[in-house]
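# Tertiary structure, described
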Amino acid sequence: GLGCLMYVPSIAVISQHFSKRHTLMMSLVTSSTPLGAMIHPIMLNHLLNGTVGFARGIRASAGFASALSSIACLSMCT
């Protein structure tokens, strides 16, 4: 689902952008993916159960995911 939509662009950007330290950068991206998978649900839980509410919490989560995807898409070189 959403994890695939966030993971694939990050791998694509890293594989195209770095040529000298390709292996190091790919290992950093691959190892930091579980960190994002742990932080995002915790952030969403605090937004939903806090004073923000359900609708604004979902909008903030979608905005966060959209911003990260936009950065990945803009960073790609063709």
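Residues numbered from 1 in each chain as written. Predicted model: local features only at pLDDT ≥ 70, side-chain atom pairs only at ≥ 80, totals over all residues. Heavy atoms only, no water.

## Considerations on the overall build of the protein chain
Looking only at helices and strands, the protein chain features three helices and zero strands. In the protein chain, buried positions account for 13% of the 78 residues. Partitioning the intrachain contacts of the protein chain with sequence separation of at least 6 by distance along the chain shows that 35% fall at a separation of at least 24. Carbon and sulfur atoms make up 70% of the accessible area of the protein chain, which totals about 5,800 Å². (Helix = DSSP H or I, 4+ residues; strand = E, 2+ residues; numbered from the N terminus. Buried < 20%, exposed > 50% of the residue type's maximum accessible area, 1.4 Å probe, protein only. Contact = heavy atoms within 4.5 Å. Areas by Shrake-Rupley, 256 points an atom, 1.4 Å probe, with all protein chains shown as cover.)

## Points about the packing of helix α2 (residues 22-49) against helix α3 (residues 54-75)
Two measures define how a pair of helices packs: the angle their axes make with one another and the distance between the axes. In contact at an axis separation of 8 Å, α2 and α3 are set at 150 degrees when each is read in the N-to-C sense. Classified by the angle between their axes, α2 and α3 sit roughly antiparallel to one another. Judged by the twist between their axes, the crossing of α2 over α3 is right-handed. Here His40, Met43, Leu44, Leu47 and Leu48 of α2 lie close against α3, whose contacting residues are Phe54, Gly57, Ile58, Ala60, Ser61 and Phe64. Its residues assigned to classes, the contact of α2 with α3 comprises eight nonpolar, three polar and no charged. (Axes fitted to C-alpha atoms, helices over the stretch in contact; angles between N-to-C directions. Parallel < 35°, antiparallel > 145°, perpendicular 65-115°, else oblique. Left-handed = near helix turned anticlockwise from the far one by under 90°. Nonpolar A, V, L, I, M, F, W, Y, C, P; charged D, E, K, R; others polar.)

## Describing α2
The terminal C-alpha atoms of α2 lie 41 Å apart, and with 28 residues this matches the ideal 40 Å at 1.5 Å per residue to within 8%. At Thr33, α2 shows its maximal kink, close to 25 degrees; a proline, Pro34, follows between one and four residues later. (Expected span 1.5 Å × (residues − 1). Bend = angle between axes of the 7 residues up to and from the residue.)

## Observations concerning a nonpolar patch on the surface
Side chains of Leu35, Met38 and Ile39 sit close together on the surface and give an oily, nonpolar patch of about 300 Å² of accessible area. Tracing the backbone shows Ile39 in helix α2. (Patch = residues over 30% accessible without salt bridge, like charges linked within 9 Å, V, L, I, M, F, W, Y side chains within 5 Å. Salt bridge = Lys/Arg side-chain N within 4 Å of Asp/Glu carboxyl O.)

## So, the side chain of Ser61
For Ser61, the position within the fold is in helix α3. The exposure class assigned to Ser61 is buried, which follows from its relative accessible area of 9%. Not counting residues within four places of it along the chain, the set of residues in contact with Ser61 comprises His40, Met43 and Leu44.

Fair warning: the whole summary comes from geometry, so function is off the table for now.
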